[in-house]
Amino acid sequence: MSSRGRYRCHATEFKIQLCQCIAGGTIGRRDAQKKYTLPANLIQRWPAQFERGELSGQEAKPKRLSLLGTKPRSLLNTRPGKTLGWRTAAEALKEYPESSQQASVATTG
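Residues numbered from 1 in each chain as written. Predicted model: local features only at pLDDT ≥ 70, side-chain atom pairs only at ≥ 80, totals over all residues. Heavy atoms only, no water.

### Some points on the pattern of salt bridges
Part 1: Throughout the structure, instances matching the rule amount to two salt bridges.
Part 2: Across the pair Glu54 and Arg52 runs a salt bridge whose closest N-O atoms are separated by 2.9 Å.
Part 3: Owing to a relative accessible area of 47%, Glu54 belongs among the partly exposed residues under this scheme.
Part 4: Relative accessible area serves as the criterion here: at 54%, Arg52 is assigned to the exposed category.
Part 5: The salt bridge involving Glu95 is made with Arg87; its shortest N-O contact spans 2.3 Å. (Salt bridge = Lys/Arg side-chain N within 4 Å of Asp/Glu carboxyl O. Buried < 20%, exposed > 50% of the residue type's maximum accessible area, 1.4 Å probe, protein only.)

Put into structure tokens, the structure is as follows:
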């Protein structure tokens, strides 16, 4: 486990309720931080998002990218590299013989 601890996901309802308490003066930011063992950046970020109207009843979209339907060649890096002779990965792969791209298995006699 990393030194930062385990990742926790907080419900939107909890965030809204906490922001309403902070905005209403029911609880202070430091008290909320101690009571719910939250990092200071969340206590700063959530009320700002609440004031801008960014905290709604919907959960945030997942950050993971779905690769379904993506062609493998489109995933290649498009920046040219020195090790590839200043060509992109796709350009270098085009020059690579098709027969050597197949997985070869060594056989013993």
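### Overview of unusual backbone geometry
Part 1: Of note, Thr37 is a non-glycine position whose phi angle comes to about 45°, a positive value.
Part 2: Checked against the element boundaries, Thr37 lands in the loop between α2 (29–35) and α3 (40–52).
Part 3: Taking the relative accessible area as the measure of exposure, Thr37 reaches 53% and is therefore exposed. (Helix = DSSP H or I, 4+ residues; strand = E, 2+ residues; numbered from the N terminus.)

### Considerations on the environment of Pro47
Part 1: Counting through the fold element by element, Pro47 comes out in helix α3.
Part 2: Owing to a relative accessible area of 5%, Pro47 belongs among the buried residues under this scheme.
Part 3: Sequence separation between Pro47 and Ile22 is 25 residues, and the spatial gap between their C-alpha atoms is 7.7 Å.
Part 4: The contacts of Pro47, once residues within four sequence positions are left out, are Cys19, Ile22, Arg29 and Leu42. (Contact = heavy atoms within 4.5 Å.)

### A short note on the packing of aromatic side chains
Between two aromatic rings, the relevant description is the distance of the centres plus the angle of the planes.
Part 1: What the rule picks out here adds up to two aromatic pairs.
Part 2: Where Phe14 meets Tyr36, the ring centres are 5.2 Å apart and the plane angle is 80°; that geometry is what we call edge-to-face. Within this pair, whereas Phe14 is found in helix α1 (residues 12–24), its partner Tyr36 is found in the loop between α2 and α3, the two being separated by 22 residues in sequence.
Part 3: The partly exposed category is assigned to Phe14, whose relative accessible area is 22%.
Part 4: Given the relative accessible area of 31%, Tyr36 is considered partly exposed.
Part 5: Considering the side-chain rings of Phe14 and Trp46, the 6.1 Å spacing of their centres and the 90° angle between planes classify their relative orientation as edge-to-face. In this pair, Phe14 is assigned in helix α1 and Trp46 in helix α3, connecting sequence segments 32 residues apart.
Part 6: Aromatic rings pair up to connect Phe14, Tyr36 and Trp46 into one cluster. (Phe/Tyr/Trp six-rings, centres within 6.5 Å; stacked < 30°, edge-to-face > 60°.)

### Brief notes about the packing of α1 against α3
Part 1: Relative to each other, α1 and α3 sit at 90°, their axes nearing to 9 Å. By the angle between their directions, the pair α1 and α3 is classed as roughly perpendicular. Mapping the contact onto sequence places Phe14, Lys15, Ile16, Leu18, Cys19, Gln20 and Ile22 in α1 and Ile43, Trp46, Pro47 and Phe50 in α3.
Part 2: Partitioning the contact of α1 with α3 into residue classes produces nine nonpolar, one polar and one charged. (Axes fitted to C-alpha atoms, helices over the stretch in contact; angles between N-to-C directions. Parallel < 35°, antiparallel > 145°, perpendicular 65-115°, else oblique. Nonpolar A, V, L, I, M, F, W, Y, C, P; charged D, E, K, R; others polar.)

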